[in-house]
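Structure at a glance
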Amino acid sequence: MARVLHNLLLFLIRLAMKIRVLGYWSLIYGYCALCTVVALLKLWWNIVLRPTVTFQWVIRETPPACLNDTSLGTHCYVRIKESGLRFHYVAAGERGKPLMLFLHGFPEFWFSWRYQLREFKSEFRVVAIDMRGYGESDLLLSTESYRYDYLVTDVKDIVEYLGYNRCCLVGHDWGGTIAWLFAIHYPEMVTKLIVLNCPHPSVFTDYALRHPSQLLKSSHFFFFQLPCFPELMLSINDFKALKALFTSRSTGIGRKGRWLTAEDLEAYLYALSQPGALTGALNYYRNVFSSLPLSHNHVRSPVLLLWGERDAFLEQEMAEACRLYIRNHFRLNIISGASHWLQQDQPDIVNTLIWTFLKEGEGRKSYRN
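Remember, it's a predicted structure, so these values are computed and weren't measured experimentally. (Residues numbered from 1 in each chain as written. Predicted model: local features only at pLDDT ≥ 70, side-chain atom pairs only at ≥ 80, totals over all residues. Heavy atoms only, no water.)

On to the pattern of salt bridges. Tallied over the full model, the rule gives 13 salt bridges. For Glu-144, the salt bridge identified is with Arg-147, shortest N-O distance 2.8 Å. For Arg-147, a relative accessible area of 26% gives the class partly exposed. The partner of Asp-149 in a salt bridge is Arg-147, with the nearest N and O atoms 2.4 Å apart. The exposure class assigned to Asp-149 is partly exposed, which follows from its relative accessible area of 37%. It is possible to trace a salt-bridge network through shared partners that takes in Arg-60, Asp-238, Lys-243 and Glu-266. (Salt bridge = Lys/Arg side-chain N within 4 Å of Asp/Glu carboxyl O. Buried < 20%, exposed > 50% of the residue type's maximum accessible area, 1.4 Å probe, protein only.)

So, about the pairing of strand 7 (residues 303-308). One face of the sheet, then the other: side chains in a regular strand alternate in exactly this way. Counting buried positions along strand 7 yields six of six residues, so the element is predominantly enclosed. Sheet topology note: the strand 6 (residues 190-196)/strand 7 ladder contains four bridges and is parallel. Residue pairing in the sheet places Ile-194 in a bridge with Leu-304 of strand 7. (Helix = DSSP H or I, 4+ residues; strand = E, 2+ residues; numbered from the N terminus. Pairing = 2+ DSSP bridges.)

Next up on the list: the sheet that holds strand 6. Spatially, the eight strands line up as an open sheet ordered 1-2-4-3-5-6-7-8, and their pairing is mixed. With partners counted over all chains shown, the strands left at the sheet margins are strand 1 (74-79) and strand 8 (330-335), one partner each. The sheet shows a mean angle of 20° between the axes of neighbouring strands, direction not considered. Both strand 5 (residues 167-172) and strand 6 contribute to a ladder of six bridges, which runs parallel. Bridge pairing in strand 6 places Gly-171 opposite Val-195. Contacting strand 3 (99-103), strand 5, strand 6 and strand 7, helix 4 (residues 174-185) crosses the sheet at an angle of about 145° to strand 5. (Axes fitted to C-alpha atoms, helices over the stretch in contact; angles between N-to-C directions. Contact = heavy atoms within 4.5 Å.)

In structure tokens, the structure reads:
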């Protein structure tokens, strides 16, 4: 009798797990379908209003001058033997100084760290990379090539190629997600972790499932699961959606800070208009649901989390919840008036807060190999 009850209990547990998984994926694909309907309506409306220009866009052939500004650093390339991938990065500061490595978000590239490259090169070897699929780094069209473990290994390989065994790691948006994961899996390689407007991955998962308002703000996660169609919607009307992302009142850079100049915007359009560039960027999202939840989630490095108060995509309540997963010093700074792109629209405040954090505790000598 006891054995029968035991087997029945196991059956019920397995059934509950299967139902939970089915519900999880039903929610995801159901929301994907809803986002698709909304996007199709937008496309139809664009065709009605602008029938001759809707499907026109221009691939930028020549990079704007700001991408070759020597004050930002030197353009370099590294080919990783294990993966065979070539990565592009911009580096400044003396070799041998402590390494500060910058990881950009979506849909950006190394250029998003221009203010920080100038600021921290006096005391660090600063390196801003184009992550795989972005900018001048190798582009892979396979969705499978953007799994979390590959992205984290990229960071490890680059740090070691640069001649370091540890670094001060700085990440924003998707780069922040990879920075969190790198600190979790390679704690000995991260002296200090600095994350901008990106919650710990476990916090995001738990919070989004319990707060429909955040799920709504994250609707692009679901829409981007579709093949090809998101690339089309981001390209029509000469990349109008991307321009609006960076410049509109609701989501753009510089609502209360530094505006994105016309040349800065062209730098982004130059990078993102290249063939396959949008697919590489979107493939980061196309792995997200199969990679969560995390099996390991504790961070043992000191952490600075900077959060733009007016982030249009992420709710501020997630920032404080990150404390639950940090087993070291944690500093959280909410920057008033800053957008999601805070290192660009509030660079002076961001740089000052980073300097304050770097000088705390261990001191700068701790960054040296």
